[in-house]
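# Structural overview for review
Now for the letters of each chain:
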Amino acid sequence: MKVCVFGAGNMGARITEVFLNAGHDVTMIDIKPEFTERGKTVITHDYEFLVSKGKMTAERKDELLASLKTSVDRKDAADADFIMEVILERMDLKKDLLEDLDKICPAHTIFASNTSGLSITEMAACIPHRSDKFIGCHFFNPAQIMKLVEVTRAIQTSDETFQTAFDLMASLGKTPVAVKEGPGFVVNRILIPMMNEAMGIVADGIASPADVDIAMQLGAGMKSGPLHTADLVGHDVNLAIMETLYRETGDPKYRPHPLMRQMVRAGWLGVKTGKGFFDYDGPFGKEIVKK
Ligand SMILES: NC(=O)c1ccc[n+]([C@@H]2O[C@H](COP(=O)([O-])OP(=O)(O)OC[C@H]3O[C@@H](n4cnc5c(N)ncnc54)[C@H](O)[C@@H]3O)[C@@H](O)[C@H]2O)c1
């Protein structure tokens, strides 16, 4: 299957990797060559790591990388059977892209969005002639490792599109779950407000970020603490999801904590900028553990 992934960022690069691993030809498209290069470097490093651990041969790495094309031209999606939209969490940008792709792609092409919480139905509505072929495929971070994909139906999604996307996700080695549209779907409706609350605890001076995480790991059985996870996801993404939950439900329990806004305004977005609640060795770097 020819797959086209839009967005070579945090999620887009790793989702591209997942499709490559399953034997698909993938074109990864972003808006600037340096962004697609960065995405390709992330994928290459992942493969090199597997080679160094003896979990992949160097020949297999070269073979997989040969199935990857990169581009900054939307028209290179013209022969795609499956589009994965993984661009910034902004409805205006997503609609602009989808409307264009609707003109570029053949009638059979299925469009899927990796949105964390924007309305799948609203996106489907902007491409009325193929809204039945629109669906949410929500991967989790890091996408090459996390098993879950929320396969989320818009009100317009056909049963056929749902089944194709569901089976495709399973064929990638993922565990898909069927979800109907609702703000934040399942995981983020629970997870992001919990991170928001963790930030409130830090802002109130009740515990340090490290202690909040230790408390939740040892007291609530979490593998990764909420603030580490929040740094991994990116605070711009967390804020966008909280704003969606708040706007869509009108429920004040989803109000983004002011500290989350401050972190975004400061550019302290987490792992991707090298600084969040914890410090990292540069953008996408390893955590610097303070002694
Ligand atoms: N970060 C997470 O943990 C996470 C998890 C699940 C889902 N998501 C969702 O995935 C999507 C991407 O998030 P991310 O964390 O990868 O963001 P990111 O900021 O790391 O990457 C977004 C990429 O999209 C590119 N882009 C913007 N407009 C574009 C366009 N018109 N065409 C092509 N590329 C374009 C940007 O240049 C950037 O490289 C969002 O919808 C987000 O909500 C994120």
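Residues numbered from 1 in each chain as written. Predicted model: local features only at pLDDT ≥ 70, side-chain atom pairs only at ≥ 80, totals over all residues. Heavy atoms only, no water.

## Quick look at the overall build of the protein chain
Heads up, the rule is: For helices the rule is a DSSP run of H or I covering at least 4 residues; for strands it is a run of E covering at least 2, with both sets numbered from the N terminus onward. Only the C-alpha atoms count toward the radius of gyration. The rule for a globule is 2.2 Å times the residue count to the power 0.38. In this scheme, a residue with accessible area under 20% of its type's maximum is buried, one over 50% is exposed, and one in between is partly exposed, where area comes from a 1.4 Å probe on protein chains only. Between two residues, a contact is recorded if the distance between any of their heavy atoms is within 4.5 Å. Residue-level accessible areas treat just the shown protein chains as cover; the underlying method is Shrake-Rupley with a 1.4 Å probe.
Scanning the protein chain from terminus to terminus reveals 11 helices and eight strands. The globule rule puts the C-alpha radius of gyration for 291 residues at 19 Å, and the 19 Å found for the protein chain is close to it. By principal-axis analysis of the C-alpha atoms, the protein chain measures approximately 55 × 50 × 35 Å. Within the protein chain, buried positions represent 48% of all 291 residues. Sequence-distant contacts in the protein chain: of pairs separated by 6 or more residues, those separated by 24 or more amount to 65%. Carbon together with sulfur atoms contributes 56% to the accessible area of the protein chain, which is approximately 13900 Å² in total.

## Here's the deal with the UniProt feature "domain: 3-hydroxyacyl-CoA dehydrogenase C-terminal" (unreviewed entry) in the protein chain
Cut-off, in case you're wondering: UniProt positions are given in the numbering used here, feature names are shortened, and annotations may be inferred rather than shown by experiment.
The sites that carry the UniProt feature "domain: 3-hydroxyacyl-CoA dehydrogenase C-terminal" (unreviewed entry) are, in the present numbering, residues 184–280. Helix makes up 63% of residues 184–280 and strand 0%, and the two end C-alpha atoms of the span are 28 Å apart.

## Remarks on the UniProt feature "domain: 3-hydroxyacyl-CoA dehydrogenase NAD binding" (unreviewed entry) in the protein chain
Per the UniProt record, "domain: 3-hydroxyacyl-CoA dehydrogenase NAD binding" (unreviewed entry) is found at residues 2–181. Spanning residues 2–181, this segment combines 41% helix with 22% strand, and its end C-alpha atoms are found 27 Å apart.

## A look at the sheet that holds strand 6 (residues 134–139)
The cut-off we apply is this: Only strands joined by at least two bridges in the DSSP assignment are considered to pair. Between the N-to-C directions of two axes lies an angle of 0 to 180 degrees, each axis being a line fitted to C-alpha atoms and, for a helix, fitted only over the stretch in contact.
Read from one edge of the open sheet, eight strands run 3-2-1-4-5-6-7-8, paired in mixed fashion. Because the sheet does not close on itself, it has two edges, and the strands there are strand 3 (68–71) and strand 8 (175–180). Geometrically, the sheet is characterised by an average inter-axis angle of 25° between neighbouring strands, direction not taken into account. In the sheet, strand 5 (residues 110–113) pairs with strand 6 via three bridges, with the strands oriented parallel. Each residue of the ladder has a partner; that of S113, found in strand 6, is G136.

## Here we look at helix 10 (residues 235–249)
Rules: In this analysis, the expected span of each helix is defined as 1.5 Å times one less than the number of residues it contains.
Look at helix 10: 21 Å from first C-alpha to last across 15 residues, which is about the 21 Å you get at 1.5 Å a residue. Turning to helix 10, its buried residues are H235, V237, N238, L239, A240, I241, M242, T244 and L245. Where the residues of helix 10 are buried, they touch helix 7 (187–203), helix 9 (226–233) and helix 11 (258–266). Of the residues one or two after helix 10, G250 is the one with positive phi, at around 70°.

## What about unusual backbone geometry?
In this structure, the amide linkage connecting N141 to the following residue, P142, adopts the cis form with an omega of -5°. Turning to its location among the elements, P142 is positioned in the loop between strand 6 and strand 7 (148–153). Unusually for a residue other than glycine, F185 sits at a positive phi of about 55°. With respect to the element layout, F185 can be found in the loop between strand 8 and helix 7. The phi angle at F284 is positive, at roughly 60°, despite the residue not being glycine. Its place among the elements puts F284 in the segment after helix 11. Judged by relative accessible area, F284 falls into the partly exposed class, the value being 38%.

## A few points about the packing of helix 2 (residues 33–52) against helix 3 (residues 58–66)
Under the convention used in this document: Every angle not falling under 35 degrees, over 145, or within 65 to 115 is termed oblique; those three ranges are roughly parallel, roughly antiparallel and roughly perpendicular. The hand of a helix crossing depends on one turn: near helix anticlockwise from the far one by less than a right angle means left-handed, and clockwise means right-handed.
Relative orientation of the contacting elements helix 2 and helix 3 amounts to 160°, with a least axis distance of 9 Å. One finds that helix 2 runs roughly antiparallel with respect to helix 3. Our pair here, helix 2 against helix 3, has a crossing hand that is right-handed. When helix 2 is examined against helix 3, the residues I43, T44, Y47, E48 and V51 are found in contact with a partner set consisting of A58, K61, L64 and L65.

## Focus on the pairing of strand 5
Where we set the bar: Look down the strands so they point away from you; if going from the first strand over the helix to the second traces a clockwise path, that crossover is right-handed.
Both faces of strand 5 are covered, namely the face carrying I110 and A112 and the face carrying F111 and S113. Here strand 4 (residues 82–85) pairs with strand 5 via four bridges, running parallel. Bridging across to strand 5, I83 finds its partner in F111. After leaving strand 5, the chain enters helix 5 (residues 120–125) and then returns to the sheet as strand 6, a path that is right-handed.

## Describing the pairing of strand 2 (residues 25–29)
Each regular strand carries side chains that alternate between the two faces of the sheet. Most of strand 2 sits inside the fold, with four of its five residues counted as buried. As paired elements, strand 1 (residues 2–6) and strand 2 share five bridges and run parallel to each other. When the sheet's bridge partners are listed, V5 is paired in strand 2 with M28. Running through helix 1 (residues 10–21), the crossover from strand 1 to the neighbouring parallel element strand 2 is right-handed. Bridging between strand 2 and strand 3 involves four bridges; their strand directions are parallel. Pairing of T27 across the sheet is with K69, part of strand 3.

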